[in-house]
Amino acid sequence: ANLFDVKIDHTISDKQRISGGFDYDNTKTGGNSDLGPIFGSSTPQDTRYARISDDYILSPSLVNHLLAGFSRRFRTEASNTIGGGYPAKIGLTGVLDTTFPCIKFTGTAYEGLLNNCGDSQFADNVYQVNDSVSWAKGKHTFKFGGEARALQFNVRRLTQSSGEFDFNATETSAPDGTGGDPIASALFGLVNTATLNYGSFSGVRYKDFSLYAQDTYKLTSHLTLNYGLRYDVDLPAAEAFNRFSAVDPNLANPGAGNILGAYTYFGTGPGRNGRKRPQDTYPKAFGPRLGFAYSINDKTVLRGGYGIFYEPLKEGSYADQDGLGFFNKQTITPTNGGPTQIDNGVTHIFPPTGPFTPDGQNGSNGVILVPPGSGRPADVQSWNLDVQRQITANLVVSVAYVGSKGTHLPALNVIPNQTNPTFLSLGSDLTANVTCLTDGTCPNAIAAGVKLPYPGFTGNINQALRPFPQYGDFNQEDNSFTPDRTGNSTYHSMQLGVDKRFAQGLSFMVSYTIS
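Described in the following lines is the structure provided in the data block. Predicted model, so just to flag it, every value in this text is computed and none were measured. (Residues numbered from 1 in each chain as written. Predicted model: local features only at pLDDT ≥ 70, side-chain atom pairs only at ≥ 80, totals over all residues. Heavy atoms only, no water.)

### A closer look at the overall build of the protein chain
Phase 1: Along the protein chain, the regular secondary structure elements total 5 helices and 22 strands.
Phase 2: In terms of overall size, the protein chain is more extended than a compact globule, its C-alpha atoms giving a radius of gyration of 31 Å where 515 residues would be expected to give roughly 24 Å.
Phase 3: For the C-alpha atoms alone, the extent of the protein chain along its principal axes is close to 95 × 65 × 50 Å.
Phase 4: Long-range pairs, those at least 24 residues apart, make up 68% of the contacts in the protein chain between residues at least 6 apart in sequence.
Phase 5: Carbon together with sulfur atoms contributes 58% to the accessible area of the protein chain, which is approximately 27100 Å² in total.
Phase 6: Each charge class in the protein chain can be summarised by its mean position, and for the 40 positive and 44 negative side chains these summaries are 12 Å apart. (Helix = DSSP H or I, 4+ residues; strand = E, 2+ residues; numbered from the N terminus. Rg over C-alpha atoms; globule rule 2.2 N^0.38 Å. Contact = heavy atoms within 4.5 Å. Areas by Shrake-Rupley, 256 points an atom, 1.4 Å probe, with all protein chains shown as cover. Lys, Arg positive; Asp, Glu negative; His and termini not counted. Charge placed at Lys NZ, Arg CZ, Asp CG, Glu CD.)

Dropping the structure here:
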């Protein structure tokens with residue numbers, strides 16, 4: 001690892017002081033395979049953070065503090081051959097010149113040992129600026145300020161962009177299916193399963209803005225009040241080129257008899273909905289704060305406080321499923337045009353992106369559903385009451401009650417396309433093909449009035465009973481939105497603390513929490 005940091009402080013005048021700094025961290029893990037360097041993988045990571053601040057004394061009672069910062073983390077998880085132009089070197093056409101292609105010999109002991117087949121690059125950027133003003137006036141100390149943050153989560157999905165070629169014994173076996181060897185199939189260049197990712201880049205963007213004002217008011221020599229209000233606006237996820245897609249539960253699906261639940265594609269252009277974000281911005285994130293400190297006597301202090309805090313929206317996962325339809329991928333097998341002769345390269349059977357049709361994801365697993373209201377940030381109410389008592393000149397004991405209540409927390413409680421559990425009474429009929437409705441071999445389903453959800457539907461009874469039978473399982477985890485906001489939390493605790501100071505600056509602190 002390589003690490004260094006630089007910090008500079010400069011006093012411009014009695015009233016103004018500036019400070020700046022830069023941190024750099026470079027690490028690399030991984031290495032070569034026993035089979036050679038091109039079969040190894042590595043994970044290099046560069047982290048950088050730059051910041052500058054300005055403190056200006058406007059008057060003896062008025063001070064302004066300005067801070068601006070930028071951080072970046074660039075991480076690669078890839079084969080050692082990335083950027084080496086290996087497809088061109090070995091004469092492989094029709095693929096991106098990204099890495100040495102992924103090759104597997106199916107059914108052998110070294111099937112997945114030859115090279116790394118999962119390659120991605122991540123670049124996370126955070127831009128931040130905040131300003132605060134402190135003003136002391138009489139018994140009041142006012143603070144005002146605001147903050148703006150821009151977060152970028154950029155991903156290059158390189159997995160299979162130079163192709164994955166799975167060799168199988170089938171291509172060199174006898175007509176009766178016996179014999180054959182994956183290595184022999186490779187020598188003939190006959191690929192059983194050829195997969196190509198056309199290449200994808202996703203740039204997810206978030207923006208947060210906040211304003212606050214607070215006052216510390218020394219009401220009497222024994223009582224100090226602290227009160228304030230913060231307002232947050234979180235703009236939900238957007239993609240750099242508006243390439244999000246999701247199920248719209250209110251859109252008719254022409255490929256499924258016009259039942260509701262079709263795919264919608266964000267952005268402008270043919271087949272797209274003209275919108276930028278799947279989630280709505282929540283406009284009511286007001287966070288009041290209230291606290292007090294009361295000196296009962298010269299040895300006992302009572303403190304308490306309450307506040308509402310909002311958690312900024314952030315990237316939920318690696319955003320694998322955010323842009324279905326925008327980044328095409330093909331798989332050729334013996335059932336749809338294979339085997340592939342690798343010497344001839346890879347022929348593209350899809351356009352690079354699209355087409356953006358409402359029924360374009362019918363039959364797919366891994367689709368997502370993003371309710372517009374899921375852009376509401378999580379909120380946490382927090383409160384505490386604390387009594388602190390000085391027992392001796394060097395011994396202080398405190399007892400506190402601390403509690404909190406979280407709502408609208410990210411969760412995975414909602415399964416959008418789950419068959420209603422009431423249908424479990426159908427028993428084994430659930431796994432029967434829907435043809436049983438006409439040949440009478442699923443009496444429980446027939447008695448329950450089960451019908452085809454739309455003309456031309458094929459599949460099992462349990463699939464027909466899904467809320468959206470035109471889709472398989474939904475993937476509510478691998479996306480940028482954390483669309484399930486049904487999480488809740490409750491916390492109550494008693495916290496006991498003992499602080500003992502000894503001579504020569506030595507102190508001893510013991511704490512205990514029960515919750």
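### Some thoughts on the sheet that holds strand E8 (residues 164–167)
Phase 1: Across the sheet, which stays open at both edges, the 4 strands sit in the order E5-E8-E10-E17 with mixed pairing between neighbours. Here the strands that pair on one side only, and so sit at the sheet edges, are strand E5 (102–105) and strand E17 (329–332). Here the strands of the sheet are splayed against their neighbours by 10° on average, with no regard to which way each runs.
Phase 2: By the bridge criterion, 4 bridges tie E5 to E8 in an arrangement that is parallel. Counted as the bridge partner of Phe105 is Phe167 from E8. (Pairing = 2+ DSSP bridges. Axes fitted to C-alpha atoms, helices over the stretch in contact; angles between N-to-C directions.)

### Looking at the pattern of salt bridges
Phase 1: Taken as a whole and judged by the stated rule, the model has 13 salt bridges.
Phase 2: For Glu77, the salt bridge is made with Arg75, and the minimal N-O distance between the two is 2.8 Å.
Phase 3: For Arg75, a relative accessible area of 25% puts it in the partly exposed group.
Phase 4: In this structure, Arg303 engages Asp386 in a salt bridge whose closest nitrogen and oxygen atoms are separated by 3.9 Å. Taken together, the positions of Arg303 in strand E16 (residues 300–310) and Asp386 in strand E19 (residues 379–392) put the pair 83 residues apart, joining distant regions of the chain.
Phase 5: Judged by its relative accessible area of 33%, Arg303 falls in the partly exposed class.
Phase 6: Salt bridges sharing common partners tie together Lys7, Asp9 and Arg17. (Salt bridge = Lys/Arg side-chain N within 4 Å of Asp/Glu carboxyl O. Buried < 20%, exposed > 50% of the residue type's maximum accessible area, 1.4 Å probe, protein only.)

### Observations concerning the side chain of Gln470
Phase 1: The residue Gln470 is located in the loop between helix H5 (461–464) and strand E21 (487–501) in this model.
Phase 2: Polar side-chain contacts of Gln470 include one of 3.2 Å to the backbone oxygen of Leu260.
Phase 3: Of note is the side chain of Gln470, whose polar atom sits 2.7 Å from the backbone oxygen of Gly261.
Phase 4: Beyond its immediate stretch of four places on either side in the chain, Gln470 contacts Asn253, Ala256, Ile259, Leu260, Gly261, Asn362, Gly363, Ser364 and Tyr454. (Polar contact = N/O pair within 3.5 Å; in protein donor to acceptor, adjacent residues only side chain to side chain.)

### So, the packing of aromatic side chains
Phase 1: As enumerated under the stated definition, the model contains 18 aromatic pairs in all.
Phase 2: For the pair Trp135 and Phe142, a centre-to-centre distance of 5.4 Å together with 35° between the ring planes defines the contact as tilted.
Phase 3: By relative accessible area, Trp135 is classed as partly exposed at 32%.
Phase 4: For the ring pair Phe326 and Phe356, a centre distance of 4.8 Å and an interplane angle of 40° mean the geometry is tilted. (Phe/Tyr/Trp six-rings, centres within 6.5 Å; stacked < 30°, edge-to-face > 60°.)

### Quick word on the nonpolar core
Phase 1: Counting 25 residues, the largest nonpolar core has Val247, Tyr263, Val367, Tyr471 and Phe474 as its most contacted members.
Phase 2: Mapped onto this core, the elements with two or more residues apiece are strand E7 (140–157), strand E11 (200–218), strand E13 (245–253) and strand E14 (259–265).
Phase 3: Here the element with the most residues in this core is E7; it accounts for 3 residues.
Phase 4: Excluding residues within four positions of it along the chain, Val367 makes contact with Val247, Tyr263, Leu324, Gln361, Tyr471, Asp473, Phe474, Asn475 and Gln476.
Phase 5: Grouped together as the second largest cluster of nonpolar side chains are 14 residues, Ala256, Cys436, Val450 and Ala464 included. (Core = buried A, V, L, I, M, F, W, Y, C linked by side-chain atoms within 4.5 Å.)

### Brief notes about the state of the cysteines
Phase 1: Counting across every chain of the model gives 1 disulfide.
Phase 2: What pairs with Cys436 in a disulfide is Cys442, and their sulfur atoms sit 2.1 Å apart. Linking Cys436 and Cys442, the disulfide has an S-S dihedral of approximately 90° and is accordingly described as right-handed.
Phase 3: On the basis of relative accessibility, which here comes to 3%, the residue Cys436 falls in the buried class.
Phase 4: Take Cys442: its relative accessible area is 0%, and that puts it in the buried class. (Disulfide = S-S within 2.5 Å.)

### Some remarks on the pairing of strand E6 (residues 120–137)
Phase 1: Relative to E6, strand E4 (residues 62–79) is paired through 16 bridges, and the arrangement is antiparallel. By the bridge assignment, His65 is partnered in E6 with Ser132.

### Here we look at the side chain of Asn197
Phase 1: The topology assignment puts Asn197 in strand E10 (residues 193–197).
Phase 2: On the basis of relative accessible area, Asn197 is assigned to the buried category, the value being 9%.
Phase 3: Engagement of the side chain of Asn197 in a polar contact is seen with the backbone oxygen of Arg157, the distance being 3.3 Å.
Phase 4: Looking at Asn197, its side chain comes within polar contact range of the main-chain oxygen of Thr159, at 3.0 Å.
Phase 5: Once you skip the residues sitting within four places of it in the chain, Asn197 turns out to touch Arg157, Leu158, Thr159, Gln160, Ser161, Asn328 and Lys329.

### Section: the environment of Ala78
Phase 1: Within the secondary structure layout, Ala78 lies in strand E4.
Phase 2: A relative accessible area of 2% means that Ala78 is categorised as buried.

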